[in-house]
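Residues per chain are reported as follows:
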Amino acid sequence: MAAGGGLLLVLALLTFRSGPGPDADDGKTKPTGEASARRSAVEIKRGSATGAAVLATRSVAGLPRGFPPSEAGAVEAGAAFVASVYDLHRMPAAERWAYVRDAMTDPPPKRRLDTDAVAFRANYRLAETGEILDVTGEAVPGVRFTSRCHPELGAYRVEDFEAGRAEVDYWMPCLLGTVDEAGQALHVQTRWQMGRMALRWHENDWRVDELARGPFDEPVTPPDEGEPATTLAERAALLGAGWLAFADASERRPAEAESAAPR
């Protein structure tokens, strides 16, 4: 499974690479242009789970944890985990290990997590402290690296839910690249991620039990793959039946997707 810039083992089974989805319109893959046009006026419904993880009651390494045993709690726990992929690459090793141990029922070895984080930082030429380095190894002034995933611009589908067990599909854009000191884009790319997650209620919290690609051969993407913000009607047309927008869904481009003003 290709990982389009995401090397983290715990998410290796999710699909991250950019690219057009298949043409089949089965409610699980990208519909044809004609099908999209027929459904373009229908907005995707909002579910009860938020992308901002408002149900969380605690945090580990600055990431939300402590979710209730409800369906919305399971969805939020999974979304928070999926959205953390690039945060994990960039955080200190001890914090990364603390979060993964808390969020997963069977976490991968710490050494593998650390190795993947080193590879990620090398790929984007990042110091351990987060600065962007030039070819000589010096920090580049006035430029910051950003890596944010946006559940509020995505959607989810609950495939199964019962006491202590949930299976949820997720779809969302992540933005990676360089921004200026004001947080506006210098060179930022959109990466679409899509996959299926099984969660289990264990020791008073939802924990990731399994990650899989689900029925998706490619991530569903909008016609303009670099545009992270889609309307609710566009999401309905792209994703098909059964999908829900998050309760706090947005149609607005995030700040790091806006180009910096010319200097």
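This one's a predicted model, so the numbers in the text were calculated from it and none came from an experiment.

What counts and how
Residues numbered from 1 in each chain as written. Predicted model: local features only at pLDDT ≥ 70, side-chain atom pairs only at ≥ 80, totals over all residues. Heavy atoms only, no water. Pairing = 2+ DSSP bridges. Helix = DSSP H or I, 4+ residues; strand = E, 2+ residues; numbered from the N terminus. Axes fitted to C-alpha atoms, helices over the stretch in contact; angles between N-to-C directions. Parallel < 35°, antiparallel > 145°, perpendicular 65-115°, else oblique. Left-handed = near helix turned anticlockwise from the far one by under 90°. Contact = heavy atoms within 4.5 Å. Nonpolar A, V, L, I, M, F, W, Y, C, P; charged D, E, K, R; others polar. 1 Å grid on protein atoms, 1.4 Å probe; cavity = no way out; pocket = protein on both sides within 12 Å on 5 of 7 lines; lining within 4 Å. Points joined across faces, edges and corners; volume = space filled by probe spheres on them. Buried < 20%, exposed > 50% of the residue type's maximum accessible area, 1.4 Å probe, protein only. Phe/Tyr/Trp six-rings, centres within 6.5 Å; stacked < 30°, edge-to-face > 60°. pLDDT = per-residue confidence, 0-100.

1. Topic: the pairing of strand S6 (residues 185-201)
Thought 1: Pairing between strand S5 (residues 165-180) and S6: 15 bridges, direction antiparallel. Counterpart to Trp 171 in the pairing with S6 is Met 194.
Thought 2: Between S5 and S6, which pair antiparallel and follow one another directly, the connecting turn spans 4 residues, one of which, Gly 183, has a positive phi of 85 degrees.
Thought 3: Pairing of S6 with strand S7 (residues 206-212) involves 6 bridges; the strand directions are antiparallel. Its bridge partner lying in S7, Trp 201 is registered against Trp 206.

2. Things to note about the packing of helix H4 (residues 93-103) against helix H5 (residues 110-123)
Thought 1: In contact at an axis separation of 10 Å, H4 and H5 are set at 125 degrees when each is read in the N-to-C sense. Taken as axis vectors, H4 and H5 run oblique relative to one another. Crossing angle aside, the handedness with which H4 passes H5 is right-handed. For the pair H4 and H5, contact is made by Ala 93, Arg 96, Trp 97 and Val 100 and by Lys 110, Leu 113, Asp 114 and Ala 117, respectively.
Thought 2: Here the residues of the contact of H4 with H5 sort into 5 nonpolar, no polar and 3 charged.

3. A word on the layout of surface pockets
Thought 1: When its volume is computed, the largest pocket comes out at roughly 290 Å³.
Thought 2: Lining the largest pocket are 19 residues; nearest its centre among them are Gly 51, Ala 52, Ala 83, Cys 149 and Pro 151.
Thought 3: For the lining of the largest pocket, the secondary structure elements donating two or more residues are strand S2 (63-65), helix H2 (71-83) and strand S3 (143-149).
Thought 4: The element contributing the most residues to the lining of the largest pocket is H2, with 4 residues.
Thought 5: Of the residues that constitute the lining of the largest pocket, the class distribution is 9 nonpolar, 5 polar and 5 charged.

4. Focus: helix H6 (residues 232-239)
Thought 1: Counting buried positions along H6 yields 7 of 8 residues, so the element is predominantly enclosed.
Thought 2: Listed in full, the buried residues belonging to H6 are Leu 232, Ala 233, Arg 235, Ala 236, Ala 237, Leu 238 and Leu 239.

5. Considering the packing of aromatic side chains
Thought 1: By the definition in use, this model includes 10 aromatic pairs.
Thought 2: Summarising the aromatic geometry, the rings of Phe 81 and Tyr 99 are spaced 6.1 Å apart at their centres and angled 20 degrees between planes, so their arrangement reads as stacked. In this pair, Phe 81 is assigned in helix H2 and Tyr 99 in helix H4, connecting sequence segments 18 residues apart.
Thought 3: Ring centres of Tyr 156 and Phe 246 lie 4.9 Å apart, and the angle between their planes is 50 degrees; on these two criteria the pair is classed as tilted. Within this pair, whereas Tyr 156 is found in strand S4 (residues 155-162), its partner Phe 246 is found in the segment after H6, the two being separated by 90 residues in sequence. Neither residue differs from the other here; Tyr 156 and Phe 246 are each classed as buried.
Thought 4: These aromatic residues form a ring-pair network of at least three members: Tyr 86, Phe 120, Tyr 124 and Phe 145.

6. Remarks on the confidence of the model for the chain
Thought 1: On average, residues of the chain score 84 in pLDDT, and 83% of them are at 70 or above.
Thought 2: Low pLDDT, under 50, characterises residues 1-10; the stretch is placed with 39 contacts to residues that sit more than four places away or in other chains.
Thought 3: Low confidence marks residues 15-39, where pLDDT is under 50. Its contacts with residues over four positions away, or in another chain, come to 82 contacts.

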